[in-house]
Amino acid sequence: MKLTTLICCGILIAFGVFAAVYALSGFDLLLFLCANHYTVYRALLSLAGVGALWLFFWLVAFRPTKPLS
């Protein structure tokens, strides 16, 4: 469970870096890494969505921030 959460966090951080490069320079690094293959590009974007849904589930189910209050 912890490994899955760390992998999903890493995926979302990587996609955040790709989005920042695109926002600041206009160069789509993810599309470049996919060699302009739009099917692979969309599959990787859906992977980011799955990672975000997993982290949402993890935050709701396990409430890691509850001891902080």
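For the structure, see preceding data.
Peer 1: Before we go on, may I ask you to explain the overall build of the protein chain in this structure?
Peer 2: Of the regular secondary structure elements, the protein chain holds 3 helices and 0 strands. Going residue by residue from the N terminus, the α and β elements of the protein chain occur as α-α-α. Relative to the compact-globule value of 11 Å for 69 residues, the protein chain shows a C-alpha radius of gyration of 15 Å, a clear excess of over 25%. Structurally, the protein chain occupies a C-alpha span of about 45 × 25 × 15 Å along its principal axes. Counting the 69 residues in the protein chain, one finds 19% classified as buried. About 5300 Å² of surface is accessible on the protein chain, with carbon and sulfur atoms providing 74% of the total.

Peer 1: Just to check I follow, could you spell out the side chain of Thr 5 for this structure?
Peer 2: With respect to the helices, strands and loops of the structure, Thr 5 is situated in helix H1 (residues 2-25). We classify Thr 5 as buried; its relative accessible area is 6%.

Peer 1: Teacher, can you tell me more about the environment of Gly 26 here?
Peer 2: Mapped onto the secondary structure, Gly 26 falls in the loop between H1 and helix H2 (29-33). A relative accessible area of 52% means that Gly 26 is categorised as exposed. Between the alpha carbons of Gly 26 and Cys 9 there is a distance of 25 Å; along the sequence they are 17 residues apart.

Peer 1: What is the right way to read the nonpolar core from this model?
Peer 2: Taken as a class, soluble globular proteins show a tendency for nonpolar side chains to be buried jointly. Of all hydrophobic cores here, the largest spans 8 residues; its members are Ile 11, Phe 15, Phe 18, Leu 30, Leu 31, Cys 34, Tyr 41 and Ala 48. Elements represented by at least two residues in this core include exactly H1, H2 and helix H3 (38-62). Counting residues per element, this core draws most heavily on H1, at 3 residues.

Peer 1: How do you make sense of unusual backbone geometry when you look at a structure like this?
Peer 2: Residues apart from glycine generally show negative phi values, whereas peptide bonds are mostly found in trans. For Ala 35, which is not glycine, the phi torsion reads 60° and is therefore positive. Within the element layout of this structure, Ala 35 appears in the loop between H2 and H3. Judged by relative accessible area, which is 64%, Ala 35 ranks as exposed. Unlike most non-glycine residues, Asn 36 shows phi in positive territory, near 60°. By secondary structure assignment, the location of Asn 36 is in the loop between H2 and H3.

Calculation criteria
Residues numbered from 1 in each chain as written. Predicted model: local features only at pLDDT ≥ 70, side-chain atom pairs only at ≥ 80, totals over all residues. Heavy atoms only, no water. Helix = DSSP H or I, 4+ residues; strand = E, 2+ residues; numbered from the N terminus. Rg over C-alpha atoms; globule rule 2.2 N^0.38 Å. Buried < 20%, exposed > 50% of the residue type's maximum accessible area, 1.4 Å probe, protein only. Areas by Shrake-Rupley, 256 points an atom, 1.4 Å probe, with all protein chains shown as cover. Core = buried A, V, L, I, M, F, W, Y, C linked by side-chain atoms within 4.5 Å.

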